Each structure stands twice: as C-alpha cells, then as structure tokens.
Amino acid sequence: MTSYKIYIPRDSSALSLGAEKVLKTIESEALKRGIKLEIIRNGSRGLFWLETMVEVETPKGRVAYGPVNPADVSSLFDKEFFLGKKHPLSLGITEEIQWLKNQERLTYARVGITDPVSLEDYESHDGFKGLRKALDLKSQAIVDEVTESGLRGRGGAAFPTGIKWQTVLNAPSDKKYIVCNADEGDSGTFSDRMIMENDPFVLIEGMIIAGLAVGADQGYIYLRSEYPHAQAILNEAIEIAENNGFLGKNILGSQFTFNLEVTRAAGAYICGEETSLLESLEGKRGLVRYKPPLPAIEGLYGKPTVVNNVISLATIPIILDKGAKFYADFGMGRSKGTLPIQLAGNLKQTGLIEKAFGITLRELLYDFGGGSATGKNIKAVQVGGPLGAFLPEHQFDTPLDYEKFSEINAVVGHGGIVAFDDTIDMSKLARYSFEFCAIESCGKCTPCRIGSTRGMEVIDKIKDGVDQEKNVEVLRDLGETMVHGSLCAMGGMTPFPVISALNFFPKDFGLEKTET
Amino acid sequence: MLAENKIEKIEQHLNLLKDKPGALLPLMHAIQDDLGYIPEESYGPISKALRLSVAEVHGFVTFYHHFRTKPAGKHILQICRAESCQSMGSENIESYCKEKLGIDYHETTKDQSITLEPVYCLGNCACSPAVMIDDEVVGRVDKEKIDELIEEAKK
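Residues numbered from 1 in each chain as written. Chains lettered and ligands numbered in written order. Predicted model: local features only at pLDDT ≥ 70, side-chain atom pairs only at ≥ 80, totals over all residues. Heavy atoms only, no water.

What should I look at first to understand the domain arrangement of chain B in this one?
Interface size is commonly expressed as the accessible area that is lost once the parts come together. Each assigned domain of chain B is listed with its residue range as follows: domain 1 (4-63) and domain 2 (75-154). Of note, the centres of domain 1 of chain B and domain 2 of chain B, computed from C-alpha atoms alone, are 29 Å apart. (Domains from an automatic or database assignment.)

The following block contains the structure:
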C-alpha cells in the first residue's frame, strides 16, 4: 500500500493554535478511510497566520494547506489532499509562497523543512558541514573567518562576534566556557525559540565550533523557563549528538572534547543581560556585574567566557561552511549578513522573515505583514523589545540597519517588531515601560531601581494635568539620568520607548505639544 | 512543620545536585517541580549543604519570579502582559480572567484549581494574545477560549 508523506509542525506557536488536535484528527481520519500516512513532525515555516500549516510531499515538491483546523480535515481527505490536490485551503507549492520566496534564509535554512530531532535530516541538509571544516582549521583561522563575516551579536547589542571570540582566544586560562544566552525575554521576539525548537542541531553545532575556536570544553545554554518545549527538544538533540560522536570526548575522531548542557532559568528578564546571566548560572541572584572586567576575560566562575545569543551561534555553521565572504555579501553598510526578523502584534500576517539587512520597516509591515490585523491604521511600531523606541509612521522608511536605527535613537535589537493600531494609547505603553523596568530591575543601581517607579508617578501626574510643563521636564531629566547613570541596558534603555512616545505622541499624554 | 516525606524529598534532591557547579538554580527547580513550591523550611538544610547563609538562599528564591514559597493551585494560568499581546487586547483578557476567577494576580481560586500569574512574553508574539496553562501555550485567545481553559482546569 502506498504511504503518503505528511508534515505537521511541532513548533510551540503551531501547537498553541491546535496543531496537536489537527494531527490527531488527521490520524484518525486516515485510519477510518484506510489511507496510510507517514507523518513527520517538522518545524514551522514561520507563517503563523497560516498555522496549522499541513504539507504533503508530491513529485512537484511540498504542497501546503492552511490554516487547517480539525473541522477541515474530513474535507481535505475528500479532496485527496494527500496527493497534493486542490482544496479551498490550498496554498500551492510551499517554496513558491511569496512570503517564503522573498526571504534569504541562511541561519534558518532548514527551519520548517526538516524534522528537528532527525540527525539524518540535519546532515542531509548541510548539517555539521561547518563543524567538519572547522575541525581542520587552527583556532585562529576559525576566529578570523567569523571576524571577516562581519557577524554582530544578534541578541541586541550588535557587538562584533569575531572580536569577542578573539578576546577569549587570547585570554590565557586552563578553563574557558561557551555560554548561549537563550533567555529570550523581549516581547515581539521568538527567533531564538524557533531555532531551538525547529533546528536545535544548528545551535549545538555553532557552540561546538565556538568551543573549538577559543579552546573551551564546556558549554551552557541558559534557557528561559517559559520555553518548556524548547527545553525538551534541546535535551533530546543533545543526547542524540552525544550518542553520535558530535559531543563529548574526541568529537568526530579528533582530540577535541566539548560537553553541553541546558540550564533552565527562572523567569527574570534581567538575566538576559550577560553578566546577570552568569551570576544566575553560578547559582546566585541575577545581579548585574560591573564591567570591566569583560566576561570574555573574567566570565563564568571568573574564567574567560564567550556569551553569545542563540542566533549568533546558530549562524556560525553556515559561515564556516560557505565562507565569510558568502555571508558578508548580504546586508548593507556595517550590518552584514541577514537578520531573522519577527513580525508580531497587530498585523494580518505575523511570523518569521529572514532577510538581508537593508529592508525597510514599511516593506516589512505592509508587503510582508499585510497591514494591521484590525484593519485600522498602524500608529506605531516598537522594534527591539521592551527597551526599544516606538517609531511613528514617518519613520517607517528607515532601513533595518544598526547604524541607521541608531541615528534616529532607535535600536534593531533582536529583530522583533511589534505593531500597534491607532486605538493604542501611547502614554499607557510608556507607563508600562517603567512598570516593566520596576518589576524586572535587579535593583543594583539607583537610576533603574528608583527611577522606574518615579517614572510611573511622573507620567501619572502629566496625564492628570498636574504641573504639566514642570513634570515633562522632570520626565526628560529622569530619562537622561537613567540613560547615563544605569549599570546596564535595562535602566539605560527604558527611557527610549518612554521618550519616543512622549516626543511623537504628546496628545496621548494630554499635552498639546512637546519639544523634541 | 514540614511533612516528613517532603523533608526526605528535599534531602534527595540535595544529595543529587549539591556538588554541581551553580547548584542552587537546578536544585530549586528540582524542588519546585517535585513539591510544587519551595518550602521555607528547606532553607536551613540547603544553606548547610551548599555552605551559604540562609539569607542568601532566601534572597535567591525571592529574586526569581518563577519560584514560589507557597503551594499553588492545581493549575497555573499565566497571562502575557507584554507589548505584543497588549497590541491585540490582552488587557481585556486580563480583566476577564480576574473577574471570572474572582482573584487577582498571584492568587489562587478558593477551590484550589487555578493560580493566576502575569508573564512577560511567552515567545508566541505572532499569535497574540497568548496565555500559558501549566506547560502549554495557547495562542490568539478570546473570552470563549478562556472559558474553555478554565472549565477544563476546574474538572
């Protein structure tokens, strides 16, 4: 009997929309009709308005249907979807869907295509090619490749990855560590989660290469506690890698040893800050450390440590495989390569887009995003998480580029974009920024610990019409103090969303206008 | 006084994890996963085994939002309060849940079935508004979906 190959995603966003129920319904319907299916749990392609997206393998390539709900399953069978035939939910050949066709997927090359925990799938889609090349290179040559690629830290700070690695390589020590910052706490971001759930081996490979490059034999993935699915998949993948000679002693017959484990975080946003993360990994409260010394010199347990974001590390394999130049040829200016951009919030079409730097917000919001979900005007977007500035419509033509964003006092950050329609009250969002800072501040420095609460109070006064002129000045002054006086980005960047909201949307604060 | 079997369980986790570098974090997870919370009575034995002061252990537990020192209800319902969910009307979901359950955040229903907690991003921002019930994320929730979840949890 012929068996038909069907793909149903196991990504947690797909699961959150009922992928598991769709799977069960398809299984029982197939059984009832005596049709044999081979069901593969792939990752999500990142088109979340179409999840649950079911794919079928056909001679012409994979054909997609979505969004599939359990109620659609019977009619899908009636129309013989398992042969790739037409149905009202047909999306055609998956690779031909415009949203996917218009991307440049490098870091995300396999995401949605493969079974996340199939080593065979991973290797047959270029997996571990970068590691095999790296094993033939000297440490310095690996670091050079990363430096030349122009890769900058994708967690938000955009520090050149190669320079960080060089510092750790140069630091003499009997013990070094690779720490993956997987404490993805920024609202509007999910690209780390998608890599970990949908292509965990690429992160593992990137971390092994990092270990080879700087001479570290121990890696930790510090994973936020809100991601239980990612934790289960990572642990499964690590075990498979260990059993197949990719982790542990004598990796692939070499002299190199590298061990990797996942440490579950405990719901503190501040632990996404690298020194706070290290404190937490050491079993302490996540208080931010003074810098210097840099973690690259004195990091985990005082030893030289590479702390990189998930996406930075997951991009290493393709750089080693295809070469620094291949990667650096994407992008613009000093923003080389691609960025996995996350479209979130009030948009018709939300999801994951990996694109070379240089695409504008407008293209993302309207060409990819299709405008707001509610059909109203998009009033503002927040880029780069809760510490990122709000951008009004007249800034939508800004290209996604670290420097161009910096010029308008905004940040690209981790590439998360949250859209708001015109029903949103920007003063509420500004107040929330302070509230969030007050809840999540580690409390070590005064501007952040105290400033956040005072900020909420000042906004309340402005909104209540109390001494508005004076209080706007106080708010701006407080912002300055926090920007310049805080130890880390938590207090140092909270004023970005606040002041941008005040500058661009003074009416929401009950002000006629305010100086900009 | 803490029940004998709880003390025993805490001792077991301690024996398993006390020599691990950075032991406190995995240890607290192990205890909370097992008992549902971290009893304050455990601070003494933990501080002794890890050579910390009781204040350090207390400081650690109370620093992290995830850890609780009192038992929770049978299910934990977390509502995302972050920006992306706000853009899709999570405030209505928050007030609806509070009203329907008759509790505020960090509280448990009288029948001990549900504890309500805020959460700041579940990584499900493409499917806002989102909530999490125990370990399962639920996307694009509306009042009907909340009704379903609560009904299921109260069974």
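So that's the structure; there's more coming.
In this structure, what is going on with the interface of chain B and chain A? I would like to understand it.
Taken together, the contacts link 38 residues of chain B with 58 residues of chain A. Taken together, the two surfaces of chain B and chain A that pack against each other cover about 3700 Å², and 55% of this comes from carbon and sulfur. Its largest share of buried area at the contact with chain A, chain B owes to Phe63, Glu83 and Tyr120 of chain B, together 18% of the area lost on that side. Across the contact surface, chain B and chain A share 4 salt bridges. Between Glu91 of chain B and Lys428 of chain A there is a salt bridge, with its nearest N and O atoms 3.2 Å apart. Across the contact surface, chain B and chain A share 27 residue pairs in polar contact (both at pLDDT 80 or more). Elements that contribute at least two residues to the side of chain B that touches chain A include exactly helix H2 (24-35), helix H4 (54-63), helix H5 (83-87) and strand S5 (136-138) of chain B. (Contact = heavy atoms within 4.5 Å. Buried area = accessible area lost by both parts, 1.4 Å probe. Salt bridge = Lys/Arg side-chain N within 4 Å of Asp/Glu carboxyl O. Polar contact = N/O pair within 3.5 Å; in protein donor to acceptor, adjacent residues only side chain to side chain. Helix = DSSP H or I, 4+ residues; strand = E, 2+ residues; numbered from the N terminus.)

What am I meant to see in the packing of aromatic side chains here?
The description of two aromatic rings rests on the distance between their centres and on the angle between their planes. Throughout the structure, instances matching the rule amount to 25 aromatic pairs over all chains. Consider the rings of Phe326 of chain A and Phe330 of chain A, whose centres lie 5.6 Å apart with planes at 75 degrees: the pair is edge-to-face. The partly exposed category is assigned to Phe326 of chain A, whose relative accessible area is 29%. When the ring of Phe60 of chain B is compared with that of Tyr64 of chain B, the centres are 4.9 Å apart and the planes differ by 55 degrees; the resulting orientation is tilted. No difference in accessibility class separates Phe60 of chain B from Tyr64 of chain B, as the two residues are buried. One Lys or Arg, Arg62 of chain A, reaches over the ring of Tyr7 of chain A and ends 3.5 Å from the middle of that ring. Looking at Arg224 of chain A, its charged tip hangs above the ring of Tyr227 of chain A, at a distance of 4.9 Å from the centre. (Phe/Tyr/Trp six-rings, centres within 6.5 Å; stacked < 30°, edge-to-face > 60°. Buried < 20%, exposed > 50% of the residue type's maximum accessible area, 1.4 Å probe, protein only. Lys NZ or Arg CZ within 6 Å of the ring centre and 35° of its normal.)

Is there a simple way to think about the nonpolar core in this case?
One recurring pattern in soluble globular proteins: nonpolar side chains tend to sit buried together. Residue and element names in this part refer to chain A. Membership of the largest hydrophobic core comes to 148 residues, with the highest contact counts inside it found for Trp165 and Leu203. Here the element with the most residues in this core is helix H10 (residues 200-214); it accounts for 11 residues. When sequence neighbours within four positions are dropped, the list of residues in contact with Leu203 reads Cys180, Ile195, Met196, Ile221, Leu234, Val310, Leu313 and Ala314. In this structure, Leu47, Ala64, Leu100 and Phe405 belong to the second largest nonpolar core, which totals 33 residues. (Core = buried A, V, L, I, M, F, W, Y, C linked by side-chain atoms within 4.5 Å.)

For this particular structure, what's the right way to read the side chain of Glu51 of chain A?
All names here are of chain A. Take Glu51: it is sitting in the loop between strand S2 (36-40) and strand S3 (54-58). Arg45 provides the closest opposite charge to the buried, salt-bridge-free Glu51, at an N-O distance of 8.2 Å. Side chain to side chain, Glu51 and Ser44 meet in a polar contact 2.6 Å long. Leave out the neighbours within four places in its chain, and Glu51 touches Pro9, Ala14, Leu17, Ser44, Arg45 and Pro67. (Lys, Arg positive; Asp, Glu negative; His and termini not counted.)

I keep staring at the sheet that holds strand S16 (residues 416-421) of chain A and nothing clicks. Help me out?
Backbone hydrogen bonds are what pair the strands of a sheet, in a parallel or an antiparallel way. All names here are of chain A. In space, the 5 strands of this open sheet follow the order S13-S12-S16-S14-S15, with mixed pairing throughout. Each edge of the sheet is formed by a strand with only one pairing partner; in this case those strands are strand S13 (351-356) and strand S15 (390-392). The mean inter-strand angle of the sheet, taken between neighbouring strand axes irrespective of direction, is 30 degrees. Here 3 bridges tie strand S14 (residues 378-383) to S15, and the two strands are oriented antiparallel to one another. Each bridged residue has a counterpart across the sheet, and for Val381 the counterpart in S15 is Leu391. Taken strand by strand, helix H15 (residues 361-368) contacts strand S12 (338-345), S13, S14, S15 and S16, and its axis lies near 120 degrees from that of S14. (Pairing = 2+ DSSP bridges. Axes fitted to C-alpha atoms, helices over the stretch in contact; angles between N-to-C directions.)

Teacher, can you tell me more about the pairing of S3 of chain A here?
Note on strand geometry: in a regular strand, side chains alternate between the two faces of the sheet. Residue and element names in this part refer to chain A. Among the 5 residues of S3, 4 are classified as buried, and the element is accordingly described as predominantly covered. Pairing geometry for strand S1 (residues 3-7) and S3, over 2 bridges, is antiparallel. Pairing of Ile6 across the sheet is with Val56, part of S3. Bridging between S3 and strand S4 (residues 61-65) involves 5 bridges; their strand directions are antiparallel. Across the sheet, residue Thr58 finds its bridge partner in S4, namely Gly61. Counted along the chain from S3 to the antiparallel partner S4, the turn is 2 residues long.

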